[in-house]
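The lines below spell out each chain.
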Amino acid sequence: MKKVIGLFICILLIQNAAVAQTVYDDSYEENPNYIQGNKYLQSSQYSSAINEFKKAIRVNSNDISALIGLSNAYNLRAVYYNNTVKDTAKAISDLKSALFFVKYYAGDTAGAISASSVDAIRKNLSTLETSSKQNITAEGRISTAKSARIKGEFAAAAYDYYQIINDSTYKAQANSGLGDIYKIFNRPEKAISFYKEALRINPDDNDVHLKLARTYEQVNDFNSSLNEYSYALDSSNDKEDILSSLERIWQKKVDESPKDAEAHANLGVIYQKEKRYQEAMKEYMQAEQLNPANINTKINIGTLYQEQKKYDSALNTYNSILQSQPKNTKVLVYKAECLKALKKNEEAVAIYKTALNLEPSDSSIKAALFELLKDTMSTDDVLDFLYKNVQNSPMDADSYYELAYELHKAGKLDDAIVYYNQTIKLNKKKIDAYINLSQVYRQKNNYQEAYNIINTAKSIAPDNELVKKQFDITAADFSASNYNTASNALQSGDYQKAITEYSKINPPTVDSLIGIAAAYQYLGNNINAIENYKKAMELDSKNADIPFYIASLYANSGDDEKARQYLEIALSKNPSNSQAKELSDYLAQKQAADYLTQAVNMYDSGKYKESIPLFDKIINLSPDNGNAYYYRALAYDGINSYQKAISDYKSALKYSPDMIIAYYSLGVDYDAIENYQSAKENYRKFVELYNSDDDFKAYAKQRIEEIK
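Predicted model only: the values in this text are computed from it and were never measured.

S.K.: Teacher, can you tell me more about the overall build of the protein here?
M.R.: On a plain count of helices and strands, the protein comes out with 37 helices and two strands. For a compact globule of 708 residues, the expected C-alpha radius of gyration is about 27 Å, and the protein comes in at 45 Å, more than 25% above that figure. Principal axes of the C-alpha set define a box for the protein whose edges measure 150 × 95 × 35 Å. Looking at the protein residue by residue over its 708 residues, the buried ones come to 46%. The contacts in the protein between residues at least 6 apart in sequence include a share of 46% that link residues at least 24 apart. Of the accessible surface of the protein, which amounts to about 36,800 Å², a share of 46% is contributed by carbon and sulfur atoms.

Have a look at this one:
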């Protein structure tokens, strides 16, 4: 008897799990992995339970009991991660895995699972995603899914893929990702459906074609697999692996049907692509023996000789085919190629022309014929030939490109521009046309248009190495041209033009931003000048001149505080910058003067004690400011702090020897502390130096006499 456990429900991941009603199925012989999984689950060994239930599902992917057990294990482990370990990220991953298995993986059997149980898990997941500020946009989901796959959390990744499976941007990626995961979970039939949907959205995705081919092979759908492998072979870099797969399939077909001529021929093609020429010829001969009427086998034999440079044998084979099919253009072209390789150019030209008469719009034949002819033709004859090609094939982009290229080589640049543009009009992905057209404009010194063209090519083919190289060269030329124009405009006083030209340099450089800032500075627009200097500073943080320029502009604008900030940066990068030092000294003196005015006003209003901190600031800014010492001494006198006052009067005389009144003040303060000898000495100096006959001088003389 198999005991089917109901889905556990954990409300908000904080209550204990409750077991839903149990269901029994008496007809089922229990899977040992399922039994062991339940034992682990009951003893709270959730990770071990997950592993066992997964094994049970691998035995029977439709085992609803194992799926419910697996979901329960993930659900309960999520509770453990969230409540005990406090690892919200792991809890979220496990809830996603739980939902995936009971909502998506279960498929048609999902009806046996309580919808309310699934909703409970979903609500818990939503609560955690919200509280942890998870990015649940389509972009966030695709990123989270990729990260989960890297960690091996495939079920959680699948859940996120399902959430964006209808998003227009990520629909193809989501389907491809789900195909990968279902294949990992040994559900190839599901994987195929998702891969097919991904290819419906993006039919040129070679990687998905290859995945689909391998999955078809896994389910023994060899015809479908061959189609996908053949498609992938044309554009894949992993050709050896694909050829190996194709060889395996065709060899199996040959083994199963030894008299199948097509199977032998196709196996021969694979051997030929692998350069196993003897084995290829053996298979072709077997195919021809089984079906002598098959022309394709004969053509394959010819190409095998041709690939081995056995041109005479190849020609004999092609001639035998042409006897019965004289209008077979493919064989005519192969024959012409052999004749060209044997240096029989006139015969090759004649064969190419025969083929071209049969297929006048075939650009590859035209190109081959042109390559053969142009070495023996004059420039005018080549151009005339190509002009006729364009007239005969007005919708063939390659014909226009060949003509534009030859006009370009001949130095007829204006005509080349016309035909390169027509090429692009007919084929917007013809990257060579963009590259060459950009070169033409560079030759004409039209760097703006050259840059525009190659920038368009870069947007179409961002990984193309030739485009990258041409873009770098063109961008450098464009910038140099703009620099010259802008610099000349700046020097000639046309500042607005300088700004316009410097602004064309993209991305901006330190020099272009400094140029723009200088132009704005000349125009008196300090705000824009500062803004551009700051941008330049971001690009070159080691440049000591830029912060000095910014400081100067702030100083001119009256914002001394910001000016001092940037001067500090400038001097930290270059302490010997004399201009920065001068401006710094000027701003310090200016600030000291402002403080002095405020402090003196405060002193005059009788706020002696309050004025002293301001005098302190002044002296810190300007340690040799005699006036600051003198007025601070007066303030100290105001609060009867005579010793400090005496010290400041002496400093005032040290830095301002002509401040004679300080001697008088010293005499008064020494009198106050009863140091009469020092008082008399300072009164005498005052009388000697003081030129006015006023009350100060009279009092000083009086005290000199009294002290005697």
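Moving on from the coordinates now.
S.K.: Can you walk me through the confidence of the model for the protein in this structure?
M.R.: Close reading of the predicted structure is inappropriate where its pLDDT is low. Averaged over all residues, the pLDDT of the protein is 85; the fraction at 70 or higher stands at 93%. By mean pLDDT, strand E2 (residues 23-25) is the weakest element of the protein at 40, and helix H17 (residues 329-341) is the strongest at 94. Note on residues 11-28: pLDDT under 50 across the span, and 38 contacts to partners over four residues away in sequence or across chains.

S.K.: It is not clear to me how the pattern of salt bridges should be interpreted in this structure. Could you clarify?
M.R.: Oppositely charged side chains are able to pair whenever their charged atoms sit close together. Taken as a whole, this structure holds 30 salt bridges when the rule is applied. Residue Lys444 is joined to Asp414 by a salt bridge in which the shortest nitrogen-to-oxygen separation is 2.8 Å. Taken together, the residues Lys444 in the loop between helix H23 (431-443) and helix H24 (447-460) and Asp414 in helix H22 (residues 413-426) connect sequence positions 30 residues apart. Given a relative accessible area of 37%, Lys444 falls into the partly exposed group. One salt bridge connects Asp648 with Arg632, and the closest N-O pair in it is separated by 2.6 Å. You can see Asp648 sitting in helix H34 (residues 642-655) and its partner Arg632 sitting in helix H33 (residues 626-638), a full 16 residues away along the chain. No difference in accessibility class separates Asp648 from Arg632, as the two residues are buried. Through salt bridges that share partners, Lys96, Glu129, Arg141 and Asp160 make up one connected network.

S.K.: What am I meant to see in the packing of H17 against helix H18 (residues 345-358) here?
M.R.: If you want to describe how two helices pack, look at the angle between their axes and the distance between the axes. Interaxial distance between H17 and H18 falls to 8 Å at its minimum, and their mutual angle equals 165 degrees. Comparing the axis directions of H17 and H18 gives the class roughly antiparallel. Here H17 and H18 pass one another in a crossing that is left-handed. Here Thr329, Leu332, Val333, Lys335, Ala336, Glu337, Leu339 and Lys340 of H17 come into contact with H18, specifically with Asn345, Glu347, Ala348, Ile351, Tyr352, Thr354, Ala355 and Leu358. Considering only residue class, the contact of H17 with H18 consists of nine nonpolar, three polar and four charged.

S.K.: I would appreciate a short explanation of the packing of aromatic side chains in the present structure.
M.R.: Between two aromatic rings, the relevant description is the distance of the centres plus the angle of the planes. What the rule picks out here adds up to 39 aromatic pairs. Ring geometry for Tyr664 against Phe696: centres 5.1 Å apart, planes inclined by 85 degrees, an arrangement best described as edge-to-face. Placement of Tyr664 in helix H35 (residues 661-672) and of Phe696 in helix H37 (residues 695-707) is noted, with a sequence separation of 32 residues between them. Here Arg187 stacks its cationic end above the ring of Tyr105, 4.6 Å away from the centre of that ring.

S.K.: It is not clear to me how the side chain of Ser656 should be interpreted in this structure. Could you clarify?
M.R.: Its location among the elements puts Ser656 in the loop between H34 and H35. Sequence-distant contacts of Ser656, that is, excluding residues within four places in its chain, are made with Gly626 and Asn627.

About the criteria used
- Residues numbered from 1 in each chain as written.
- Predicted model: local features only at pLDDT ≥ 70, side-chain atom pairs only at ≥ 80, totals over all residues.
- Heavy atoms only, no water.
- Helix = DSSP H or I, 4+ residues; strand = E, 2+ residues; numbered from the N terminus.
- Rg over C-alpha atoms; globule rule 2.2 N^0.38 Å.
- Buried < 20%, exposed > 50% of the residue type's maximum accessible area, 1.4 Å probe, protein only.
- Contact = heavy atoms within 4.5 Å.
- Areas by Shrake-Rupley, 256 points an atom, 1.4 Å probe, with all protein chains shown as cover.
- pLDDT = per-residue confidence, 0-100.
- Salt bridge = Lys/Arg side-chain N within 4 Å of Asp/Glu carboxyl O.
- Axes fitted to C-alpha atoms, helices over the stretch in contact; angles between N-to-C directions.
- Parallel < 35°, antiparallel > 145°, perpendicular 65-115°, else oblique.
- Left-handed = near helix turned anticlockwise from the far one by under 90°.
- Nonpolar A, V, L, I, M, F, W, Y, C, P; charged D, E, K, R; others polar.
- Phe/Tyr/Trp six-rings, centres within 6.5 Å; stacked < 30°, edge-to-face > 60°.
- Lys NZ or Arg CZ within 6 Å of the ring centre and 35° of its normal.

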